[in-house]
Structures are given as structure tokens and as C-alpha cells.
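What follows is the residue order along each chain.
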Amino acid sequence: MTTQILPITNESLELAKQLLSNGQVVGIPTETVYGLGAVATDSLAVKKIFEVKGRPSDNPLIAHVHKDYDLTKLVEINHPYVYRLMQEFMPGPLTLVMQSKGVVCKEAVCGGDTLAIRMPSHEGCQQLLKILDMPVVAPSANLSKHTSPVTARHVYNDLNGLVPLILDGGKSTGGIESTVLDVTGEVPRILRAGLVTKEMIESVTGKCLIAMHKEGDKVKSPGVKYKHYKPNCQTALFTEEQIDKVNLLYEQALKDGQKPYIMCRSDLIGEFKGKNVLDLGKTPKEIASNLYDKLLEGEKIADLIIAVEMPNEQGVYMGIMNRLRKSCG
Ligand code: TXA
Ligand code: MG
């Protein structure tokens, strides 16, 4: 199969609509990361997503809908705070897990009784969802375990020959996947941290829990238990207090004939003068937006990425640290 990358135009959106309606999977832009989309009610198409990615069959997918879509066609909304969250953060990088009404095919939810829903704010993605007028399930458009893509070219590098079309909607501005929030209970619970932070959710609901997952637990959001986001090169991870260790490992790698790169936020770059650096940027938002891009750049040019952790886990740093541990830890 040849894989086309097309910019978003009326024609390419129409082509994407045709392909999706005919059971194909298509690479689509969102404001967080690129997705691999299929019509959510089409079992065969949804199975293709799992095949193309090599995704474990117990890891359910997020249904993406247009901003004017009536969610109650797909799920039960059980608590008043859910409407307030929707009002405040949708469309945007927030995914809500609710009781499914069983409209979306069972392959998409892996036989479970909940459904994760999100309204992407990306303009091109909104246009596609509007003309298609059906929910689209879409995991990140990378091969399973690899780093999530934030450009159409990243998607192509993983899925060339496996999908007919990738819609190019520019670089994803968010840069890390949506916050996944379980809203089936009295108090919302974060299953995956992201750009809509615990603090932001608390400002609307008063309380917000964070799901803790230990190795081997039967977890509520299966995706979090897998190895994830790994670039195709060696990695190491140190805290900001371990700058000496970063420098030692860097020197050792050079001696061993390797090409090391240090990945850190801009404020630390002064500690690594004369060394190869992948600069993540200054603010938490900037860092999130650059993280996967830098990991994917790094795997091309480095044998070893030595990453430095964030200074704390407040706000957006929580989501960033979660990805850093999984990609480089
Ligand atoms: O930003 C995003 O969320 C991107 C873009 C493409 O929208 N999508 C994405 O999908 O990251 P994926 O499949 O890579 O990650 C979905 C996460 C997984 O951790 C999965 O376990 C969790 O959401 N999830 C999906 N459905 C769920 C459900 N019913 N209950 C609990 N967790 C669920
Ligand atoms: Mg993913």
C-alpha cells in the first residue's frame, strides 16, 4: 500500500471521509499527538488499528467526536460535575471515561463497559469529524511502544505502507497525549496525566484523585501498564541533582565511541557547555510540546539520550514526568 501525506483541504478531507467510511484507517492530526483513526462502530476497521500498531488487545481506544456532538448518544453522564468539566475543557486535551451505552463496537473498548471520549480542538480534525458525523476511535499513530508522533512525517516514519492516508495538520501544539479522567465516580480520578492538570480539574470540581498503578496491578487504564514512548536508541534518566552523573555518563559514552545527547530544559543548558544537547524549552507547556519531537529527533542523531527530569511534578510537569520515566527511565 502506498501512503499519501496530504495537507488539509476540502479534497483531502473528503478523501479521508471516503476511506474511513469504507473501513480504512487514516492518520489524523490532533492538538495533542497524531492519531490513527477508524470509524468507532466498524469492528473490522477497529481491528485494523490494533493490527497496524501491534497494540495489545486489552488496551481500549478513545472515541473522538465533533464539538457539537451529543455525547449522551454514546455514554451515560452520571454526575453534574461532568457537565462543568465539559464546559470548561472541551474541546481540548481532556478525555473522559464514562459508562458506555454500547454503541461503539466492543473491539474499541476491549469488551469493557466504559468508553473514553474526547473532543479534539484541532481545527482540521474538527472539520473531519464534522463532515464524517460519526465518532472516530484513534490511538496515537505510532507503532506500539514507540514514541507518539507530533507531525505527519513522524506518522509516516512508523506507518509507511500500512495506511493509505495521513492528513497533515501541522505540528501538534500540545505535544503529549490528553489527560484521561475517570468520571464514573463521585470524585474524578486521573488515569493518565496531561495538559489539563490536576490543579485545573480541582478548580472546577473541588477534588481530583490520581490513580496509582504499581507493576502487576489490574489497572483501570490498561495503557499505563505497558512500556511506552520508547525512542529507538539507548536512554538514561537522571534528576536535576545528578548533573555530575549526567556528565560522567556522557564522557563515558564518548570514550566508548558513542554519540550521546543530553535532553533537558533550557535553564539547565549552561551545565552542559560544549556538549550535544536536545533543548526542551523553558516553560512546562513548551517542554510538553517539544518532548516527543526531541525524542524522535534524538533517536535519529544519537546513540544515547541522557534525559534530565523536571524540577517537580506540579501542573503540566506531572504529565511530562510520566512520559519521561516511560521513555527514558
Ligand atoms: O491525546 C490523545 O489522547 C491521543 C490523541 C490521538 O487523541 N490518543 C491517545 O490514545 O493517546 P492511546 O490509545 O494512545 O491512549 C489511550 C489511553 C490508554 O492509556 C488507554 O488505556 C486509556 O486511554 N483508555 C481508553 N479507553 C479507556 C477506558 N474505557 N477506560 C480506561 N482507560 C481507557
Ligand atoms: Mg499511545
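Just so we're clear, the structure is a prediction, and the values are computed from it rather than from any experiment.

Would you take a moment to explain the packing of helix α1 (residues 10-21) against helix α4 (residues 123-132) for this structure?
To describe two helices that pack against each other, one gives the angle between their axes and the distance between the axes. Where α1 meets α4, the axes come as close as 10 Å, and the angle between the chain directions of the two elements is 55°. Relative to α4, the element α1 is oriented oblique. Crossing of α1 against α4: the hand is right-handed. Residues L13, E14, A16, K17, L20 and S21 of α1 form the contact with α4, whose own contacting residues are G124, Q127, L128, I131 and L132.

Which parts of the structure should I look at to understand empty space enclosed by the protein?
Over the atoms rolls a probe the size of a water molecule, and in doing so it shows where empty space is left. Under the definition given, this model contains one cavity of 30 Å³ or more. Approximately 30 Å³ is the volume attributed to the largest cavity. In terms of lining residues, the largest cavity is bounded by I190, A193, G194, V196, T197, K198, G315 and M318. Across the lining of the largest cavity, the residue classes break down as four nonpolar, three polar and one charged.

Looking at this structure, I do not really get the pairing of strand β6 (residues 94-100). What am I missing?
Regular strands show a simple pattern: their side chains alternate between the two faces of the sheet. With six of seven residues buried, β6 lies mostly within the body of the structure. Here strand β5 (residues 75-76) runs beside β6; their pairing, made up of two bridges, is antiparallel. Among the inter-strand pairings, E76 is bridged to a residue of β6, identified as Q99. In the sheet, β6 pairs with strand β7 (residues 114-118) via five bridges, with the strands oriented antiparallel. Following the sheet pairing, T95 is matched in β7 by R118.

Looking at this structure, I do not really get the packing of aromatic side chains. What am I missing?
Working definition: an aromatic ring pair is given by the centre-to-centre distance plus the angle between the planes. For the coordinates displayed, the defined rule picks out one aromatic pair. On the basis of an interplanar angle of 25° and a centroid distance of 5.6 Å, the ring pair of Y229 and Y292 is categorised as stacked. Taken together, the residues span a long stretch of sequence, with Y229 in the loop between β12 (209-210) and β13 (234-238) and Y292 in helix α8 (residues 284-301) at a distance of 63 residues. In this structure Y229 comes out as buried when scored by relative accessible area, which is 3%. Accessibility expressed as a relative area gives 0% for Y292, which makes it buried. The positively charged end of K275 is found above the aromatic ring belonging to Y250, 5.5 Å away from the centroid.

In this structure, what is going on with the domain arrangement of the chain? I would like to understand it.
Note: interface size is frequently given as the accessible area lost on complex formation between the parts. Each assigned domain of the chain is listed here: domain 1 (4-210) and domain 2 (234-328). On a C-alpha basis, the centres of domain 1 and domain 2 stand 28 Å from each other. Contact residues are listed per partner, giving 23 residues for domain 1 and 17 residues for domain 2. Summing both partners gives a buried area of about 1,600 Å² for domain 1 against domain 2, and 60% of it is carried by carbon and sulfur. Its largest share of buried area at the contact with domain 2, domain 1 owes to T147, I176 and A193, together 29% of the area lost on that side. Here domain 1 and domain 2 share two salt bridges between them. The residue K171 makes a salt bridge to D293 at a minimum N-O spacing of 3.5 Å. Applying the counting rule to domain 1 against domain 2 returns nine residue pairs in polar contact (both at pLDDT 80 or more). Residue assignment for the side of domain 1 that touches domain 2 shows that the elements contributing at least two residues are α5 (152-159) and α6 (198-205).

What's the story with the nonpolar core in this structure? I'm lost.
Nonpolar side chains in soluble globular proteins generally cluster together in the buried interior. Counting residues in hydrophobic clusters, the biggest one holds 50 residues, and the most contacted among them are L71, L96, M98 and L181. Elements with a contribution of two residues or more to this core: β3 (35-39), α2 (43-53), α3 (80-89), β6, β7, α5 and α6. Aside from chain neighbours lying at most four places away, what touches L71 is V65, M86, M98, I117 and M119.

So, how was this worked out
- Residues numbered from 1 in each chain as written.
- Chains lettered and ligands numbered in written order.
- Predicted model: local features only at pLDDT ≥ 70, side-chain atom pairs only at ≥ 80, totals over all residues.
- Heavy atoms only, no water.
- Axes fitted to C-alpha atoms, helices over the stretch in contact; angles between N-to-C directions.
- Helix = DSSP H or I, 4+ residues; strand = E, 2+ residues; numbered from the N terminus.
- Parallel < 35°, antiparallel > 145°, perpendicular 65-115°, else oblique.
- Left-handed = near helix turned anticlockwise from the far one by under 90°.
- Contact = heavy atoms within 4.5 Å.
- 1 Å grid on protein atoms, 1.4 Å probe; cavity = no way out; pocket = protein on both sides within 12 Å on 5 of 7 lines; lining within 4 Å.
- Points joined across faces, edges and corners; volume = space filled by probe spheres on them.
- Nonpolar A, V, L, I, M, F, W, Y, C, P; charged D, E, K, R; others polar.
- Buried < 20%, exposed > 50% of the residue type's maximum accessible area, 1.4 Å probe, protein only.
- Pairing = 2+ DSSP bridges.
- Phe/Tyr/Trp six-rings, centres within 6.5 Å; stacked < 30°, edge-to-face > 60°.
- Lys NZ or Arg CZ within 6 Å of the ring centre and 35° of its normal.
- Domains from an automatic or database assignment.
- Buried area = accessible area lost by both parts, 1.4 Å probe.
- Salt bridge = Lys/Arg side-chain N within 4 Å of Asp/Glu carboxyl O.
- Polar contact = N/O pair within 3.5 Å; in protein donor to acceptor, adjacent residues only side chain to side chain.
- Core = buried A, V, L, I, M, F, W, Y, C linked by side-chain atoms within 4.5 Å.

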